[in-house]
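Tertiary structure, described
Residues per chain, in single letters:
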Protein chains: 2
Amino acid sequence: MSIIVQKFGGTSVANSEKIRNAAKRAVAKYKQGHKVVVVASARGKQTDELVADAYELNPDPPKREMDQLLSTGEQQTVSLMAIAIQNMGYKALSFTGHQIQMITDSVHSKARIESIGSEIIHEKLDDGYIVIAAGFQGIDEKGNVTTLGRGGSDTSAVAIAAALKAKQCEIYTDVDGIYTTDPRKYSKAVKINQVSYDEMLELASLGAGVMHGRAIEFGKKYGVEIQVRSSTLDIEGTLITEEVPQMEGILVSGATVQSDLAKITIIGIPHSPGNAAKVFSALAGTKISVNDIIQTELDDNSANLSFTISKNDLADALKTIKAIKNEIQYRDLFIREDIAEVSAVGIGMRTHYGVADRMFKALAENKINIDSITTSEIRISCLVDKQQSDKALEVICDTFQLDKEPEERDM
Amino acid sequence: MSIIVQKFGGTSVANSEKIRNAAKRAVAKYKQGHKVVVVASARGKQTDELVADAYELNPDPPKREMDQLLSTGEQQTVSLMAIAIQNMGYKALSFTGHQIQMITDSVHSKARIESIGSEIIHEKLDDGYIVIAAGFQGIDEKGNVTTLGRGGSDTSAVAIAAALKAKQCEIYTDVDGIYTTDPRKYSKAVKINQVSYDEMLELASLGAGVMHGRAIEFGKKYGVEIQVRSSTLDIEGTLITEEVPQMEGILVSGATVQSDLAKITIIGIPHSPGNAAKVFSALAGTKISVNDIIQTELDDNSANLSFTISKNDLADALKTIKAIKNEIQYRDLFIREDIAEVSAVGIGMRTHYGVADRMFKALAENKINIDSITTSEIRISCLVDKQQSDKALEVICDTFQLDKEPEERDM
């Protein structure tokens, strides 16, 4: 008997009807002869409500207590799910992070999993129970409740699947899989049947927000097969797996666009060790997250340093950088607002030439100006004017035939 | 430095403002130089909401899962309380039942406390923290969450006070203490300054619902001084303590009335061992709780058996008793609906004669018919017609001067 882990996010358990549906999914797998572990998030908007309650009492609530507070959301879901499954005539037991010994470090609000009491889960599975475990939460060695931060329940599910050597980790969500691009922006987008961990990591970091990067990293590290699928439709979703040879034939698996970016260029930073580090540690100090970084050498023993940030962070970022002008002695700042980044991702790029070339040519033919370019081994990203970003995405999708199943595409 | 335990019930922590008030109470005691442990219940109607959620999924929700579910209510309150106290600039830590090792038996929904990890609490108190512990909940030896049933948070508070050898356990509530009788029924009632555990147990069992009997029993067993006081007014409440000599001078400490009772008399039960037991075990089987029982012998080697029950249970009780007619061979049933019980309670009765006499005489002078009488060492109860019950209570209160402070009463 193989073990299946099923994860249900907040929208998939938001009310009684949805909890009952999720329970049916678990029972269906159980009846097929699998051992089933369910990992659940807090119901709907409950976490938001608890956060609001806390801020009403304290504008800077202590993290340990926030973790203690927020972990109740998942605890409620798992007991309600066990109550629903037992009503269908099956054995079920709910477990908190502490009860399955989900041990983490002590970094409240973004703890890292250290170990899982898999023998406790195995014992109950062997006794015929469907096991319902609270996602997102753990305890540290002293018994303090911790939470795993954004996307934490996905990470819990994949980690439990890894610890139990499960056959598959199913991530149930309100979309039916990962698409070649956002269907709201490119209506011809098709669902990806199979994608590698590395591609999914790139897509996730570029804002294809179905799954959080940490969970995918965990899956990659422990070789857990992850399926992202619909909690309402009974159809196959997208499989995130290890790289298999036929994936190399696919030049581009998916494309993304991130709008509402701003680009800052610091002009004329004198060459001196650690100057770039000073910039980014100052920005990190104000919790501004920096995307692509480009440094270009100038003739006069200085350099230009460009990077993109969320447009919302622009005012704070400028303040931070101006505050270190005396220290760094740069000449000027150049700002470009209303910029967007379009990207193409595919492990086929590793072995096939000409992907970047085709992309740049197609954009040029459509009179889309490229501000700058960054790449990784399996990704090409271009900064473009925000007003042209939807068009740019469409051009990339058309160029790499992201409206077709991979086997139907021309190379 | 002495330890004070403060318990706040659901209405005293129902919203942010009330949580902040409760936090202020804790901080005030802390600033007076005490070590402070707060025990808190779930906020307002939250437990009711969670129960409703569970019944929507299952008409007979499993008790283990209900305990897991309901325990989140207190967990939320304690973390919010710690968040509020830290906002006032004081150190506070919240603890679940599992975190303070509140070990109980495994009887879900009405578990009994077996031990408490008092060294964990002492350590944090010594470090200068205000400790906030979740009431109502514990864990069994296997780590399953348990709850203590009705009045459970009171019991948690008194048990923690006992384990820590606290100076006092303060029960904050929406009334400012225990009154000689219900002020809604006898407006001249006065607050009792001091009452013994035994008297309070009798009063609680007769429906003076401020504190649950189990908590008082716990207090009696471990000699914990309990103060019931207002969460909104800053005045002394009622002290529940060990018996002290001057209490004996008080003939009657309090009076109660329980309305909406019904009385069933089973006529002519043949004398045969175990017949009465059969009646009460049949009633217990249908979860009907039986109050006073009176058995009177008849001449013909049979007996009449009377008892009172809540009027709501009358139909079920009759069905149950009729179902065992063949087995027991009683002759007839006599039912009296719309009956009430008035009681006077006081440890002075132990040493003073004539209390019952004065009570019966006063009732007779006021043309109140007594249906039947039951007594304990410190209590006299009379069944009267429901329509006369408020008058009966008033007569008893006037007779024993329950509108006056004890020292102002004539003996």
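What counts as what
- Residues numbered from 1 in each chain as written.
- Chains lettered and ligands numbered in written order.
- Predicted model: local features only at pLDDT ≥ 70, side-chain atom pairs only at ≥ 80, totals over all residues.
- Heavy atoms only, no water.
- pLDDT = per-residue confidence, 0-100.
- Contact = heavy atoms within 4.5 Å.
- Buried area = accessible area lost by both parts, 1.4 Å probe.
- Salt bridge = Lys/Arg side-chain N within 4 Å of Asp/Glu carboxyl O.
- Polar contact = N/O pair within 3.5 Å; in protein donor to acceptor, adjacent residues only side chain to side chain.
- Domains from an automatic or database assignment.
- UniProt positions renumbered as here; feature names shortened; annotations may be inferred.
- Helix = DSSP H or I, 4+ residues; strand = E, 2+ residues; numbered from the N terminus.
- Buried < 20%, exposed > 50% of the residue type's maximum accessible area, 1.4 Å probe, protein only.
- Pairing = 2+ DSSP bridges.
- Least-squares fit on C-alpha atoms with pLDDT ≥ 70 in both.
- Arc of directions from axis to C-beta.
- Right-handed = clockwise from strand over helix to strand, strands pointing away.
- Expected span 1.5 Å × (residues − 1).

1. Let's talk about the confidence of the model for chain A
Caution applies to low-pLDDT parts of the model: their predicted coordinates are not meant to be read in detail. Residues at a pLDDT of 70 or more form 99% of chain A, whose mean pLDDT is 93. The ipTM, which scores confidence in the relative placement of chains, is 0.85 for this predicted complex, and the corresponding pTM is 0.86.

2. What to know about the interface of chain A and chain B
Chain A puts 39 residues into the contact, and the matching count from chain B is 39 residues. Counting the surface lost from both chain A and chain B, the interface buries some 3300 Å², and carbon and sulfur atoms represent 52% of this. Looking only at chain A, the three residues that lose the most surface to chain B are A:Leu57, A:Glu65 and A:Ile83, adding up to 21% of its buried area. Inspection of the region where chain A meets chain B yields two salt bridges. The salt bridge partner of B:Asp53 is A:Arg43, with a shortest N-O separation of 3.0 Å. In this assembly, chain A and chain B are joined by 27 residue pairs in polar contact (both at pLDDT 80 or more).

3. Things to note about the domain arrangement of chain A
In terms of domains, chain A is made up of domain 1 (3-174) and domain 2 (254-404). If you average the C-alpha positions of domain 1 of chain A and of domain 2 of chain A, the two centres end up 38 Å apart.

4. A look at the UniProt feature "domain: ACT" (unreviewed entry) in chain A
UniProt's feature table lists "domain: ACT" (unreviewed entry) at residues 264-338 and 344-411 of chain A, given in the numbering used throughout. Strand forms 41% of residues 264-338 of chain A and helix 33%; the C-alpha atoms that close the span are 12 Å apart.

5. Thoughts on the UniProt feature "binding site: substrate" (unreviewed entry) in chain A
All names here are of chain A. Sites flagged by UniProt as "binding site: substrate" (unreviewed entry) map to Thr47 and Glu74. A maximum C-alpha distance of 9.1 Å is found for the annotated residues, which run over 28 residues; spatially they form one tight group. Its place among the elements puts Thr47 in helix α2 (residues 46-57). Once you skip the residues sitting within four places of it in the chain, Thr47 turns out to touch Ala42 and Leu70. If you trace the backbone, Glu74 turns up in helix α3 (residues 63-87). Once residues lying within four places of it in the same chain are set aside, the contact partners of Glu74 are Ala40, Ser41, Ala42, Ala134, Gly135, Phe136 and Gln137.

6. Some remarks on the pairing of strand β9 (residues 168-173) of chain B
Residues and elements named next belong to chain B. Along β9, six of the six residues are buried, which leaves the element largely enclosed by surrounding structure. Residues Gln168, Glu170 and Tyr172 of β9 are buried on one face, and the alternating residues Cys169, Ile171 and Thr173, pointing to the opposite face, are buried as well. In terms of strand pairing, strand β1 (residues 3-8) meets β9 through five bridges, oriented parallel. Paired with Gln6 across the two strands is Glu170, which belongs to β9. Bridge count for β9 against strand β11 (residues 226-230) is five bridges, and the pairing is parallel. Bridged to Ile171 within β11 is Val228.

7. Describing the relation of the copies chain A and chain B
With an RMSD of 0.1 Å, the fit of chain A onto chain B corresponds to turning through 180° and sliding 0.0 Å along the axis. What we have between these two chains is a two-fold relation. Closest to the rotation axis within chain A is the C-alpha of A:Thr72, separated from it by 2.6 Å.

8. A word on the environment of B:Arg20
Turning to its location among the elements, B:Arg20 is positioned in helix α1 (residues 16-31). Beyond its immediate sequence surroundings of up to four residues, B:Arg20 is in contact with A:Glu56, A:Leu57 and B:Met88.

9. As for helix α9 (residues 314-323) of chain A
Residues and elements named next belong to chain A. Restricting attention to buried positions, one finds in α9 the residues Leu314, Ala317, Leu318, Thr320 and Ile321. Buried residues along α9 cover an arc of 165° about the axis, so they all sit on one side. With respect to the buried face of α9, the exposed residues turned more than 90 degrees away are Ala315, Lys319, Lys322 and Ala323. Buried residues in α9 make contact with β13 (254-270), α8 (275-285), β15 (302-310), α10 (325-328) and β16 (332-345).

10. Details of the pairing of strand β1 (residues 3-8) of chain A
Side chains on a regular strand alternate between the two faces of the sheet. Residues and elements named next belong to chain A. The buried count for β1 comes to six of six residues, which makes it a mostly enclosed element. In β1, alternate side chains face the same way, and those of Ile3, Val5 and Lys7 on one face and Ile4, Gln6 and Phe8 on the other are all buried. When β1 meets strand β2 (residues 35-40), the two strands line up parallel, connected through six bridges. Counted as the bridge partner of Lys7 is Val39 from β2. For the handedness criterion, the β-α-β arrangement of β1, helix α1 (residues 16-31) and β2 is classed as right-handed.

11. So, helix α3 (residues 63-87) of chain B
Residue and element names in this part refer to chain B. With 25 residues, α3 extends 37 Å from end C-alpha to end C-alpha; this agrees with the ideal 36 Å at 1.5 Å per step. Where burial is concerned, most of α3 is hidden: 22 out of the 25 residues are buried. At the C-terminal side of α3, Gly89 shows a positive phi close to 95°.

12. With respect to the pattern of salt bridges
Considering all chains together, one arrives at 44 salt bridges over all chains under this definition. Ionic pairing is found between A:Lys7 and A:Asp154, a salt bridge with its closest N-O pair at 2.8 Å. Taken together, the residues A:Lys7 in strand β1 and A:Asp154 in helix α5 (residues 152-164) connect sequence positions 147 residues apart. Judged by relative accessible area, A:Lys7 falls into the buried class, the value being 9%. Here B:Glu377 and B:Arg350 are joined by a salt bridge, their closest N and O atoms 3.3 Å apart. Taken together, the residues span a long stretch of sequence, with B:Glu377 in the loop between β17 (370-376) and β18 (379-385) and B:Arg350 in the loop between β16 (332-345) and α11 (355-365) at a distance of 27 residues. Look at the salt bridges and you will find they share partners, linking A:Arg25, A:Lys29, A:Glu170, A:Arg229 and A:Asp234 into a network.

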